[in-house]
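# Coordinate analysis (summary)
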Amino acid sequence: MRIGYRTFGRTSLAYGLSLCLKQIKDRANIDFVDLSVANARTCDVLLISLFWWEHFYNFVDFLAAAGIDPRKSRKPLVIIGGFNSFNFRSLGNLFHWACTGDGEEWLPPVIDTLASNTEDLIAEIPGTYWPGKTSTTYWQNVRFKPHAMKEPGQTVTRIEIARGCKYRCKFCALTYLKENREGTVAEIKALIDAAPTKRVALFAPDRLSYSNYAELSAYLAEVGKVDSASDTRMDSLNRYSGNYQGTLLFGMEGVSERLRKAVGKSMPTERLVENLCRITRESRTGRKNVRFYVIVDLPGETEEDYAGFGEFLDKLDKQPEAKQITLSPFVNTFLPQPLTPVQWAGIHLFEDYRARIAKTIWGADFKDREGFRPRRTTIAWTPRIWGPTSRLKANIVVRGDERSETALTNLTLNKQLKSQVRRPGKAGAEALLRFCEKIGLTEEFLCGEMPEDKPLPWDRIETHVPKEVLFRAWKQYKRIVGMRQEPVANNYGLGSESSEGVLAGLLADRSVQPQA
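Small disclaimer: the values here were computed from a predicted structure and weren't measured.

## Details of the overall build of the protein chain
Summing up its helical and strand segments, the protein chain has 18 helices and 19 strands in all. Taken along the three principal axes of its C-alpha coordinates, the protein chain extends 65 × 55 × 40 Å. Out of the 516 residues belonging to the protein chain, those deemed buried represent 55%. Partitioning the intrachain contacts of the protein chain with sequence separation of at least 6 by distance along the chain shows that 75% fall at a separation of at least 24. On the protein chain, roughly 22400 Å² of surface is accessible, and the fraction owed to carbon and sulfur atoms is 49%. In the protein chain, which carries 73 positive and 62 negative side-chain charges, the distance between the mean positions of the two groups comes to 4 Å.

This is how it looks when you write it as structure tokens:
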């Protein structure tokens, strides 16, 4: 059996698939190949990991370039998985089997059934999803064991010390998909000892909240190694004193105290400023590079919230440490992730958040420099924020259903549509919206608030957090930010016509080319 494997994006995203492949590497009569367009059709099985929504488009483009159509042939057999496995309905029939959740225990029996020519038994393996499946699929959370990986050409060994998250930030899919599990100190120390590099990265959603991180930190110093990981929660740093090495990376998320409280990052502005100054004072050099994530367009966001972000920067500017701090904000537009409390929320597709953040930081946007106000704190911001076209493409994937298959294939194969969508600014998004309307994916469905009393496209996937719990958290969020509590009236923009009825009329439209 010849198995090709592929992960899209940076090499660190290959960790999950590499972990799964380790479980079957000793199987007899299996030839593993690094998958490419050139060798894909020579494989019996394709194992493809999809981590971000962008990878759905990479996947469809790859299939087209390789001349593979899973709708017409089961050779090669296309098997997908990865973190973004909470809504495979948007891929329609563009794959054969899928793993939802952790794949380490799922993949070995799948390969065994294929080796024994009993492929149909894959359907009985927990965590299996396939096109058209209507019964419930349960997200897999396996018994966790720490693992280490050194990327080729890198001088750092990454060690996974925990999986899942202790916290319940309402926007984050990770905490609602993955149960919190930790490796033992003994297991992690053994991996530290075996690491071939001095630099290691102990990674987890928040490594400082690992139950025995202080012991691990002391052990690293004892054996002469350094933890070079940077991600953490700011409230975890309240328990950490001394020289915080390297660049600090944390999630501020909401631009104001109110929004941070709503999403589950209760972080008063005063305490945030105090922590940043303290960490800077305690650093070895007396200077600190601080990177942080900010989400714009969170549900219920107002102009007052941006004023709150400006207040944070103003207060930091007044501190003695201000000139020793470099702030690098990563500004992300809100994405209503399935299986989280904010899965029902809508987005404001055409708002210019790039200009809004710039004006909040410096008093002027990039087009009009009048009123520009320099700051004592260095702001190192590269103003790259998803525009309306990228946001729309993301929602086609994360909140789509089988109709999205037509959008995905056309965005790969329909040259006229591709040309229109590449137009800058609003023009590209408007062209894509017009196309989506033709296949029944209305702007209301893709970008509006979802009805709370109707099924959602991804309801066929269940995690360790019941939908009732998500709904209560969503109601709590709305109370905090002052959103209306009554259910939204939204019929997904389909009227009385079913999605099948919409699709049945597509071939009459020459601008829609659903076939690969």
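Don't stop here, the text continues.
## Digging into the sheet that holds strand β9 (residues 156-160)
For sheets, the rule is that strands pair by backbone hydrogen bonds, running either parallel or antiparallel. Spatially, the 4 strands line up as an open sheet ordered β8-β9-β12-β13, and their pairing is mixed. Strands with a single pairing partner mark the edges of an open sheet, and in this sheet they are β8 (147-150) and β13 (226-227). Bridge count between strand β12 (residues 199-203) and β13: 2 bridges; the pairing is parallel. Counted as the bridge partner of arginine 199 is valine 226 from β13.

## Here's the deal with the pairing of strand β16 (residues 288-296)
Note on strand geometry: in a regular strand, side chains alternate between the two faces of the sheet. Pairing geometry for strand β15 (residues 248-253) and β16, over 5 bridges, is parallel. Each residue of the ladder has a partner; that of leucine 249, found in β16, is arginine 291. Here β16 pairs with strand β17 (residues 325-333) via 9 bridges, running parallel. Counted as the bridge partner of valine 294 is valine 331 from β17. In this fold, the crossover linking β16 to β17 by way of helix α10 (residues 303-317) has right-handed handedness.

## As for the packing of aromatic side chains
One pass over the structure, following the stated rule, counts 18 aromatic pairs. Geometrically, the ring pair formed by tryptophan 344 and phenylalanine 471 is edge-to-face, given 5.6 Å between the ring centres and 75 degrees between the ring planes. A residue pair is termed long-range when its members are at least 10 positions apart, and tryptophan 344 in the loop between β17 and α11 (353-362) and phenylalanine 471 in helix α17 (residues 467-481) qualify at 127 residues. You can call tryptophan 344 buried: its relative accessible area is 1%. Taken together through their ring pairs, the aromatic side chains of Phe51, Trp52, Phe83 and Phe86 make up a single cluster. Lying across the ring of phenylalanine 445, arginine 403 places its NZ or CZ 4.8 Å from the centre.

## So, the nonpolar core
Core analysis: the largest hydrophobic core is formed by 106 residues, its most contacted members being Phe59, Ile80, Leu91, Phe250, Phe312 and Leu327. No other element matches helix α2 (residues 54-66), which puts 7 residues into this core. Those residues within four positions of isoleucine 80 in sequence are excluded, and the remaining contacts are Ile48, Leu50, Phe59, Phe88, Leu91, Phe95, Trp97, Ala98 and Cys99. Of all hydrophobic cores here, the second largest spans 19 residues; its members include Cys20, Leu21, Cys99 and Leu107.

## Let's talk about empty space enclosed by the protein
Over the atoms, a rolling probe the size of a water molecule traces out where space has been left empty. What the rule picks out here adds up to 3 cavities of 30 Å³ or more. The computed volume of the second largest cavity comes to approximately 60 Å³. Every residue lining the second largest cavity is listed: Ala162, Gly164, Cys165, Lys166, Asn180, Glu182, Ala204, Pro205, Asp206, Ser209 and Tyr210.

## Quick word on the sheet that holds strand β4 (residues 77-81)
Taken in spatial order, the 6 strands make up an open sheet running β2-β1-β3-β4-β5-β6, and their pairing is mixed. Only two strands of the sheet have a single partner each, and these edge strands are β2 (31-34) and β6 (128-129). As judged from the 5 bridges shared by strand β1 (residues 2-7) and strand β3 (residues 45-49), these two strands associate in the parallel manner. From the neighbouring strand, tyrosine 5 faces β3, where its bridge partner is leucine 47. Against the sheet, helix α1 (residues 15-22) contacts β1, β2 and β3, and its axis sits at roughly 155 degrees relative to β1.

## Concerning unusual backbone geometry
Of the consecutive residues lysine 75 and proline 76, the connecting peptide bond is found in the cis state with omega at 0 degrees. The topology assignment puts proline 76 in the loop between α2 and β4. The phi angle at aspartate 297 is positive, at roughly 70 degrees, despite the residue not being glycine. Looking at the element boundaries, aspartate 297 is found in the loop between β16 and α10. A relative accessible area of 2% places aspartate 297 in the buried class.

## What about the pattern of salt bridges?
All chains considered together, the criterion is met by 29 salt bridges. Residue aspartate 102 pairs with lysine 178 through a salt bridge whose shortest N-O separation is 3.1 Å. Of this pair, aspartate 102 sits in the loop between β5 (97-99) and α3 (107-115) while lysine 178 is found in the loop between α4 (173-177) and β11 (181-182), placing the two residues 76 residues apart along the sequence. Looking at lysine 178, the relative accessible area reads 14%, which means it is buried. One salt bridge connects lysine 315 with glutamate 270, and the closest N-O pair in it is separated by 2.8 Å. Residue lysine 315 is located in helix α10, and its partner glutamate 270 is located in helix α9 (residues 269-282); the two are separated by 45 residues in the primary sequence. Taking relative accessible area as the criterion, glutamate 270 reaches 44% and is therefore assigned partly exposed.

## Concerning the packing of α9 against α10
Interaxial distance between α9 and α10 falls to 10 Å at its minimum, and their mutual angle equals 40 degrees. Our classification of the angle between α9 and α10 gives oblique. The handedness of the crossing between α9 and α10 is right-handed. Two secondary-structure elements touch here, α9 through Thr269, Glu270, Leu272, Val273, Leu276 and Cys277 and α10 through Phe312, Lys315 and Leu316.

## A closer look at the environment of isoleucine 30
Looking at where isoleucine 30 falls in the secondary structure, it is placed in the loop between α1 and β2. By relative accessible area, which is 17% here, isoleucine 30 ends up buried. Apart from residues lying up to four places away in sequence, isoleucine 30 is in contact with Met1, Ile3 and Ile111.

Parameters at a glance
Residues numbered from 1 in each chain as written. Predicted model: local features only at pLDDT ≥ 70, side-chain atom pairs only at ≥ 80, totals over all residues. Heavy atoms only, no water. Helix = DSSP H or I, 4+ residues; strand = E, 2+ residues; numbered from the N terminus. Buried < 20%, exposed > 50% of the residue type's maximum accessible area, 1.4 Å probe, protein only. Contact = heavy atoms within 4.5 Å. Areas by Shrake-Rupley, 256 points an atom, 1.4 Å probe, with all protein chains shown as cover. Lys, Arg positive; Asp, Glu negative; His and termini not counted. Charge placed at Lys NZ, Arg CZ, Asp CG, Glu CD. Pairing = 2+ DSSP bridges. Right-handed = clockwise from strand over helix to strand, strands pointing away. Phe/Tyr/Trp six-rings, centres within 6.5 Å; stacked < 30°, edge-to-face > 60°. Lys NZ or Arg CZ within 6 Å of the ring centre and 35° of its normal. Core = buried A, V, L, I, M, F, W, Y, C linked by side-chain atoms within 4.5 Å. 1 Å grid on protein atoms, 1.4 Å probe; cavity = no way out; pocket = protein on both sides within 12 Å on 5 of 7 lines; lining within 4 Å. Points joined across faces, edges and corners; volume = space filled by probe spheres on them. Axes fitted to C-alpha atoms, helices over the stretch in contact; angles between N-to-C directions. Salt bridge = Lys/Arg side-chain N within 4 Å of Asp/Glu carboxyl O. Parallel < 35°, antiparallel > 145°, perpendicular 65-115°, else oblique. Left-handed = near helix turned anticlockwise from the far one by under 90°.

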